[in-house]
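Fold and geometry: a report
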2 protein chains.
Amino acid sequence: MTGAIHSAPSATVNIARSHRLRRTPFTEGVEAAGVRAYTVYNHMLLPAVFASPQEDYRHLKEKVQLWDVACERQVELRGPDAGRLMQMLTPRDLRGMLPGQCYYVPIVDETGGMLNDPVALKLAEDRWWISIADSDLLFWIKGVAYGLRLDVLVDEPDVSPLAVQGPLAEDTVAEVFGDRIRDIRFFRFDWFEFMGRDLAIARSGFSKQGGFEIYVPDTGIGMPLWNALMEAGAGHDIRAGCPNGIERVESGLLSYGNDMSRENTPHECGLGRFCNTQTAIGCIGRDALLRVAREGPIRQIRPIEISGDPVPICDHHWPVQAKGKVVGRVSSAAWSPDFNTNVSIGMVRMTHWDPGTDLEVVTPDGTRPALVCNEFWNS
Amino acid sequence: MTGAIHSAPSATVNIARSHRLRRTPFTEGVEAAGVRAYTVYNHMLLPAVFASPQEDYRHLKEKVQLWDVACERQVELRGPDAGRLMQMLTPRDLRGMLPGQCYYVPIVDETGGMLNDPVALKLAEDRWWISIADSDLLFWIKGVAYGLRLDVLVDEPDVSPLAVQGPLAEDTVAEVFGDRIRDIRFFRFDWFEFMGRDLAIARSGFSKQGGFEIYVPDTGIGMPLWNALMEAGAGHDIRAGCPNGIERVESGLLSYGNDMSRENTPHECGLGRFCNTQTAIGCIGRDALLRVAREGPIRQIRPIEISGDPVPICDHHWPVQAKGKVVGRVSSAAWSPDFNTNVSIGMVRMTHWDPGTDLEVVTPDGTRPALVCNEFWNS
């Protein structure tokens, strides 16, 4: 179960290294860049901090960063039933989706509970990649395909996404892959060559600062590509970075396992616009979601501003109260330098979810006034 | 995706805290006891080091430790088809299993690839708990049950195992739960009362030092039970501990994700004795495993002694060579103070797996002579 650790003073808590927490094709570059904290995501190391959360945030918003997001593992569906299975997995209607498109797709179980919120890439009519958030979605898909005897291959190919994010991302990526990269529209992908290999590159990423995700096949070209992008971005002050907790909360980007779980329907997560349950014929959970869509959820994700000094680490759900009664919870929170307040993602009951509603949030260092906002800060 | 971090000097790598890496009912006790490193297991914090791997090891072998293994999450099967589904999940024949028994059960996919290696507890004919290793087995089981329209509830109940391990474990647990605890045989469980709740207690655990696993329902009684056991064990020098990488390699206890994965059959993992594929009618992967059982695996888990100074951290597979040709890999390794050598778990091709075969292991600090052993060290 456990491996050894890096030496550390007793006041800090380290991550114990082991093969079970998989290294990535880019870990060498991440370590050379001085990663200071990891998290674990899909049984893989995901960098979490380089300089500091605040410095990383500032740099991401002004420059360009290279993110090792190999932990966004792919589930590949291939074969005659691939399209049918893909539509079973999500209440989003996929009939109009073309090869070369990416769709953000809520994946739910038979009761409409969220299992994952990945991005699906349609490679061909009979071939899809699902770029997953932090749960073993492969197991669900394999189980369903087995139980229904579908004629489809379901596997985790050796493909590791590398993201280039920030306002200077396009100029950086264009230096390596040419100006054709500028023609890729948002949530579209195209194929580009690097060291003799074909790579899918999508205009997407887990920030609202713009950029690309490069789907890197096999490990052999990982570090050469990392180095090529670092060199191309040198003039733009490129740095190694990672999904940033402040920026993502400002942007209202949800994190599976933090802000939502199997307990929640897509409608509770504010993902109703990605559900076309009426027309997504054959999708799992359709009966339950038709009911939810008709009645509406009774609680929902909301942007919540928390007053006072910078909040501490949000590593468990903080109760949200109104006049002492619990009406929800905050699941992610951070001090925002740009908006000069504590930004957070909460789930609030319908009785108290209107913008402008005064609430209290029970943080580890005390109960604080809070306010339901109209929209996320980086909207 | 990310949370904030504990402050740390730049030379060390910390774990980024977030709700996604769930705290447990015992985390408060773990932190008070001075945990120095965590790993992440089933999206949950698992302590990895307290004093040091070596000191923790020595203490485990001589005294008694309290382990927060809440990350051994339960999958509950309940309903008319629960028994049928349980037998579908594993090639181990469950027909003779009685309520009150625990079985170590390899779980495989349709090709015989390992998905998990949990311990199953039979609570009743129509109710089972599966105490899982590090993969979202819930997703596989839910998918299969959905696809086959089985009449069964599949869920993750709020049950958190707490292990008491070490030679003085029985005396410690008896002080809290009474002498009836001494009657529990190996891999059996019985029910005991604590603060008005019924707890299943099994004689089991992820070490070969003896002890129990207590299945603690809901979070309310977690810390009271932790404190009661700490108090009961005070005279036995009880300490907070955790699965220890040295002891588990000496004992040949495999770790899913480290020593095996979906790539491997149970036979490759040396778990053939837990497969009764011929008589386990209806089990998934039966066709593939009948073939493997007939022909035998072409590579298998072996205890391997690596010569020289203490090996570094094994956080990726180390190639195993014979005369420069790769014939396997080492997946877990540690310096053993008791056996005065580096102990390791490897997977070796049949051409080189006989005890006494001379090999070389490519460690990060050089290639070293190694030897296939006859049995694991704590056998």
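Residues numbered from 1 in each chain as written. Chains lettered and ligands numbered in written order. Predicted model: local features only at pLDDT ≥ 70, side-chain atom pairs only at ≥ 80, totals over all residues.

Side note on the overall build of chain A
- Each helix and strand counted, chain A has eight helices and 22 strands in total.
- The C-alpha atoms of chain A give a radius of gyration of 21 Å, which matches the 21 Å a tight globule of 379 residues would have.
- Projected onto its principal axes, the C-alpha coordinates of chain A cover approximately 65 × 50 × 45 Å.
- For chain A, the proportion of its 379 residues judged to be buried stands at 57%.
- The long-range share in chain A, meaning contacts at least 24 apart out of those at least 6 apart in sequence, stands at 66%. (Helix = DSSP H or I, 4+ residues; strand = E, 2+ residues; numbered from the N terminus. Rg over C-alpha atoms; globule rule 2.2 N^0.38 Å. Buried ≥ 20, exposed ≤ 12 C-beta atoms within 10 Å, placed from the backbone. Contact = placed C-beta atoms within 7 Å.)

What about the packing of helix α4 (residues 137-147) of chain A against helix α4 (residues 137-147) of chain B?
- Packing of α4 of chain A against α4 of chain B leaves a shortest axis separation of 7 Å and a crossing angle of 20°. One finds that α4 of chain A runs roughly parallel with respect to α4 of chain B. As α4 of chain A packs across α4 of chain B, the resulting crossing turns out to be right-handed. Contact residues: α4 of chain A offers L137, F139, W140, I141, K142, G143, V144, Y146 and G147 of chain A, while α4 of chain B offers L137, F139, W140, I141, K142, G143, V144, Y146 and G147 of chain B.
- For the contact of α4 of chain A with α4 of chain B, the class distribution of residues is 12 nonpolar, four polar and two charged. (Axes fitted to C-alpha atoms, helices over the stretch in contact; angles between N-to-C directions. Parallel < 35°, antiparallel > 145°, perpendicular 65-115°, else oblique. Left-handed = near helix turned anticlockwise from the far one by under 90°. Nonpolar A, V, L, I, M, F, W, Y, C, P; charged D, E, K, R; others polar.)

Topic: the domain arrangement of chain A
All names here are of chain A.
- When the domains of chain A are assigned, the result is domain 1 (27-72 + 158-248), domain 2 (74-155) and domain 3 (299-379).
- Computed over C-alpha atoms only, the centres of domain 1 and domain 3 are separated by 31 Å.
- Taken together, the contacts link five residues of domain 1 with five residues of domain 3.
- Taken together, the residues that form the side of domain 1 that touches domain 3 break down as two nonpolar, two polar and one charged. (Domains from an automatic or database assignment.)

Structural notes on the environment of V249 of chain B
- When you line up the elements, V249 of chain B lands in helix α7 (residues 245-250).
- Excluding residues that lie within four positions of it along the chain, V249 of chain B makes contacts with S332, A333, A334, V343, S344 and I345 of chain B.

Focus: the sheet that holds strand β9 (residues 119-124) of chain B
Residue and element names in this part refer to chain B.
- Strand order in the open sheet made by the five strands is β6-β9-β10-β5-β11, with antiparallel pairing throughout. Of all strands in the sheet, those bounded by a partner on one side alone are β6 (102-104) and β11 (153-155). On average, each strand axis in the sheet is inclined to that of its neighbour by 20°, with strand direction left out of account.
- Relative to strand β10 (residues 127-131), β9 runs antiparallel, the two sharing five bridges. In the sheet register, V119 faces β10, and the bridge partner there is S131.
- With respect to the sheet, helix α3 (residues 82-89) is in contact with β5 (74-78), β9 and β10, its orientation differing from that of β5 by roughly 135°.
- The strands that α4 touches are β5, β10 and β11; relative to β11, the one it contacts most, it runs at about 160°. (Pairing = 2+ DSSP bridges.)

Quick look at the interface of chain B and chain A
- Between chain B and chain A, the contact holds 64 residues from the first and 64 residues from the second.
- Sorting the residues of the side of chain B that touches chain A by element identifies β1 (14-15), β2 (37-41), β3 (44-49), α4 and α7 of chain B as the ones contributing at least two each.
- For the side of chain B that touches chain A, the element with the highest residue contribution is α4 of chain B, accounting for nine residues.
- For the side of chain B that touches chain A, the class distribution of residues is 31 nonpolar, 22 polar and 11 charged.
- Bridging between strand β2 (residues 37-41) of chain A and β1 of chain B involves two bridges; their strand directions are parallel.

Thoughts on the pairing of strand β4 (residues 65-68) of chain B
Residue and element names in this part refer to chain B.
- Of the two faces of β4, the one carrying Q65 and W67 and the one carrying L66 and D68 are both buried.
- By the bridge criterion, three bridges tie β4 to strand β16 (residues 239-241) in an arrangement that is parallel. Paired with L66 across the two strands is A240, which belongs to β16.

What about the relation of the copies chain B and chain A?
- Rotating chain B by 180° and moving it 0.0 Å along the rotation axis overlays it on chain A with an RMSD of 0.0 Å. Within this description, the copies of the chain are treated as partners about a two-fold rotation axis. (Least-squares fit on C-alpha atoms with pLDDT ≥ 70 in both.)

Digging into the packing of helix α5 (residues 169-177) of chain B against helix α6 (residues 222-232) of chain B
Residue and element names in this part refer to chain B.
- At a closest axis distance of 9 Å, the pairing of α5 and α6 adopts a crossing angle of 120°. Taken as axis vectors, α5 and α6 run oblique relative to one another. In the packing of α5 onto α6, the handedness of the crossing is right-handed. Facing T172, E175 and V176 of α5, the residues of α6 in contact are A228, L229 and A232.
- Here the contact of α5 with α6 is composed, by residue class, of four nonpolar, one polar and one charged.

A short note on α6 of chain B
- The set of residues buried in α6 of chain B consists of G222, L225, W226 and L229 of chain B. Down the axis of α6 of chain B, the smallest arc covering the buried residues is 105°, so these residues share one side. (Arc of directions from axis to C-beta.)

Overview of unusual backbone geometry
All names here are of chain B.
- Non-glycine residue H43 carries a positive phi angle of around 60°.
- Judged by the 21 C-beta atoms lying within 10 Å of it, H43 is buried.
- Even without being a glycine, N340 presents a positive backbone phi close to 55°.
- With respect to the helices and strands, the residue N340 is situated in the loop between β19 (325-336) and β20 (341-349).

Here's the deal with the sheet that holds strand β9 (residues 119-124) of chain A
Residue and element names in this part refer to chain A.
- Read from one edge to the other, the open sheet built from five strands follows the order β6-β9-β10-β5-β11, with strand pairing classed as antiparallel. For this open sheet the edge positions go to β6 (102-104) and β11 (153-155), each flanked by a neighbour on one side alone. In this sheet, neighbouring strand axes are inclined to one another by 20° on average, regardless of whether the strands run parallel or antiparallel.
- Here strand β5 (residues 74-78) runs beside β11; their pairing, made up of three bridges, is antiparallel. Bridge pairing in β11 places R78 opposite L153.

Here we look at the pairing of strand β4 (residues 65-68) of chain A
- Inspection of the sheet shows β4 of chain A paired to strand β12 (residues 159-165) of chain A by four bridges, in the antiparallel sense. Bridge assignment links Q65 of chain A to a residue of β12 of chain A, and that residue is Q165 of chain A.

Comments concerning the environment of G211 of chain B
- Examined against the element boundaries, G211 of chain B turns out to sit in strand β15 (residues 211-217).
- Not counting residues within four places of it along the chain, the set of residues in contact with G211 of chain B comprises A163, V164, Q165, G166, A169 and G205 of chain B.

Comments concerning the confidence of the model for chain A
Residues and elements named next belong to chain A.
- The pLDDT averaged across chain A works out to 95; a share of 97% of its residues lies at or above 70.
- Confidence drops under a pLDDT of 50 for residues 1-11, and excluding neighbours within four residues, the segment shows 39 contacts in the predicted structure.
- Reported confidence for the predicted complex is 0.95 by ipTM and 0.95 by pTM. (pLDDT = per-residue confidence, 0-100.)

Examining the environment of A70 of chain A
- Tracing the chain through its elements places A70 of chain A in the loop between β4 and β5.
- Considering only alpha carbons, one finds A70 of chain A and L371 of chain A, 301 residues apart in sequence, at a separation of 36 Å.

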